[in-house]
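Fold and contact review
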Amino acid sequence: MSMDFRAFLGAFVILAVPLTAAAQTEPIIVEAESASIGSAYSVGATEGATYVTIVNDSPGFGPPATADGALTYSVTFPAAGNYDLYARFRVGPGGGSDDSFYVGNGFGNKVGTGEWVLLNQVDGGGFTAPADTVRNGGPATTNVFKWFRITGFAGPATWTVPAGNLTQTFSAGGRETGNFIDKFAFGRQGSWYTVNNLDTGSAATGTPPPPPPPPYTPPGPPIATGKSKYLGSAHSPAQTPNFAAYWNQVTPENGGKWASVEGTRDVMNWTQADAAYQMARTNGFKFKWHVLFWGNQQPEWLQNLPPAEQLEEIREWLAAIAERYPDLEQIEVVNEPLHDPPLAVNTPPGQSCGGCGNYYEALGGAGATGWDWIITAFTLAREYFPNAKLMLNDYSIVNDRNATETYVGIIKLLKARRLIDHVGIQGHAFSTTEAAPMPNLRANLDYLASKTWLPIYVTELDIDGNDDPVQLAGYQKIFPVFWEHPAVRGITLWGYRPGHWRTAQGAWLTYENGAERPAMQWLQRYVQNHRAEVSFQWFSVPKKAAEGTVVGTATATDADPGTAFSQWQTEYSSAGGIFAIDPDTGRITVSDAAALRAVRKGTPLLLSVSVWDGYQRSNPNLVLILVR
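Residues numbered from 1 in each chain as written. Predicted model: local features only at pLDDT ≥ 70, side-chain atom pairs only at ≥ 80, totals over all residues. Heavy atoms only, no water.

As for the overall build of the protein chain
Scanning the protein chain for helices and strands turns up twelve helices and 28 strands. Its C-alpha atoms give the protein chain principal-axis dimensions of about 105 × 85 × 50 Å. Burial statistics for the protein chain: of 628 residues in total, 51% are counted as buried. Taking all contacts inside the protein chain whose residues are at least 6 apart in sequence as the whole, residues at least 24 apart take part in 74%. Here the protein chain has roughly 26,500 Å² of accessible surface; of this, 54% comes from carbon and sulfur atoms. Side chains of the protein chain carry 43 positive and 57 negative charges; the gap between the two charge centres is 12 Å. (Helix = DSSP H or I, 4+ residues; strand = E, 2+ residues; numbered from the N terminus. Buried < 20%, exposed > 50% of the residue type's maximum accessible area, 1.4 Å probe, protein only. Contact = heavy atoms within 4.5 Å. Areas by Shrake-Rupley, 256 points an atom, 1.4 Å probe, with all protein chains shown as cover. Lys, Arg positive; Asp, Glu negative; His and termini not counted. Charge placed at Lys NZ, Arg CZ, Asp CG, Glu CD.)

Notes on the nonpolar core
Counting 89 residues, the largest nonpolar core has Leu 231, Trp 289, Phe 479 and Leu 523 as its most contacted members. If you tally residues by element for this core, the top one is helix α7 (residues 372-384), at seven residues. Among all residues touching Phe 479, those that are not within four sequence positions of it are Leu 231, Leu 461, Gly 474, Ile 491, Trp 522, Leu 523, Tyr 526 and Val 527. Counting residues in hydrophobic clusters, the runner-up holds 35 residues, among them Tyr 73, Val 91, Phe 170 and Phe 186. (Core = buried A, V, L, I, M, F, W, Y, C linked by side-chain atoms within 4.5 Å.)

Re the packing of aromatic side chains
One pass over the full model with this rule turns up 43 aromatic pairs. Relative to Trp 373, the ring of Tyr 360 lies with its centre 5.7 Å away and its plane at 45 degrees, an arrangement referred to as tilted. One end of the pair, Tyr 360, is in the loop between β15 (330-335) and α7; the other, Trp 373, is in helix α7, with 13 residues separating them in the sequence. Residue classification places Tyr 360 among the buried positions, given a relative accessible area of 13%. The exposure class of Trp 373 is buried, given its relative accessible area of 1%. One aromatic cluster is present, formed by Tyr 73, Phe 77, Tyr 83, Phe 89, Phe 101, Phe 107, Phe 148, Phe 153, Trp 159, Phe 170, Phe 184 and Phe 186 through successive ring pairs. (Phe/Tyr/Trp six-rings, centres within 6.5 Å; stacked < 30°, edge-to-face > 60°.)

Section: helix α11 (residues 518-528)
Looking at α11, one finds that the buried residues are Ala 519, Met 520, Trp 522, Leu 523, Gln 524, Tyr 526 and Val 527. Contact partners of the buried residues in α11: β12 (230-235), α3 (243-246), α10 (468-483) and β19 (488-493).

Quick look at a nonpolar patch on the surface
Taken together, the side chains of Phe 536, Trp 538 and Leu 622 make up a nonpolar region of the molecular surface, amounting to roughly 350 Å² of accessible area. Structurally, Leu 622 can be placed in strand β28 (residues 621-627). (Patch = residues over 30% accessible without salt bridge, like charges linked within 9 Å, V, L, I, M, F, W, Y side chains within 5 Å. Salt bridge = Lys/Arg side-chain N within 4 Å of Asp/Glu carboxyl O.)

Shown next as structure tokens:
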């Protein structure tokens, strides 16, 4: 068959064009300083980067309300399609006080709209090594410029550029002064970029993440079934799948916050709160309301009302909850009183305080006690919810003795008025970084328990780790400290699936398809574990036995099949160092023959022995050794 050469060449070109276009994966780089920089920002240079940072924290830590407070860019894309968003920034030495900024929720000029996405808690995560593929999560921390994948962490799942409209407006905004923004990048969705690709604008050469393990559906029942304390989770649409197979306590993550329910005055949206409540009631789980009063996620319309009118609205808010949910078991009355009270601070007139509520004075302000507003809040809660257990809640309490003591002082004020029943400590990952065995946290937890004599609940536990071994080690270090403490009556995880508020830090426990990470597998085995029991035994030993003489072997039983005992140890000995116990086998031998010969015949010597079953240490039991 013959073919015209020009027709052949035309067919080749038609085939080649899509292949060439498909190979164009170079990222589109947007330098932060290329925006029109208003007086709210400054431009600086350090570590080879030119960056933009907000001069002062944004008013009320809210998103840009004016053009001066925003960074607006015109971005021209080479082709239509779907893109992912990345950013290169540096979180300063303030850590959690330098780690947030805003991007628009999609393309367009977002100034003066509510269409902003907050990027917060980004002090952990991101990548710096040139060969590293920039995925969600990452090992980078603070005081270094790092690339961070925003898509998959916050904002749109896809940034879509339509054909015929290749130039798009992209909006960003500062929030905290210590955050230095160097640049943004848009990369082709489906391509994976290394740090070097994003630094140099070169085509994608990164490695896609490994596929998840095979799908898994947990059979249930909940992990803590039959235990004396509950193990629950925050509930939201993202956290709903398989919920009842793992958890036996429910807290609405955002659905019980005032702005979620009544973002528009007198228009109530109970959808997410109802879903959490029904999850609890359908399955017989305990339900905890989160939260009545807070300095965040409060209705914007409430901020500038006169105090008397704010108090009227507060009463309406409590009455509405009490009417809809008359049988609440637990209520977080005030959230984060030490860190985020409902008070507008340094907010210019007419600007948002970022959902702070600003009803601090309506509740009595500091008053004579310094905490009158909290006392009023609990007094109102007791009035509207007389049968519920009322709780105070805050973060970074037991990792800081000063915070612990301040917290105890507030609790004592409430306890003297019979207004508080439970103590809440959040337990977020940024407050549990102390090295094992966490002596300071343990001491502060003991202090909180001994000074309040109230049940303690860990209300918002999350443990980071994008790498499975890191997260597993974190759970093994942190979870038992709380779970085994006698004053802790329950633990609530602040989510367990992707969509978790610390997804970028790897705090999720299961994949989207239900497959379990190693930390989740360990958590189930640990909570369901039956503690081993060391048997009471007695042996005898000749008074003149030589060193190394075997006296006997300690034994233990365990209700869990296949338990391998290890780490046998002596907790107490009336014999001093006469005997030694082999940590692997439990075999007891004579280790000091001279000291044994000094003991009178017929003397009983006592050892108190314990063993490790892989998850918990047993209670000690006695081994009696008679000298003959």
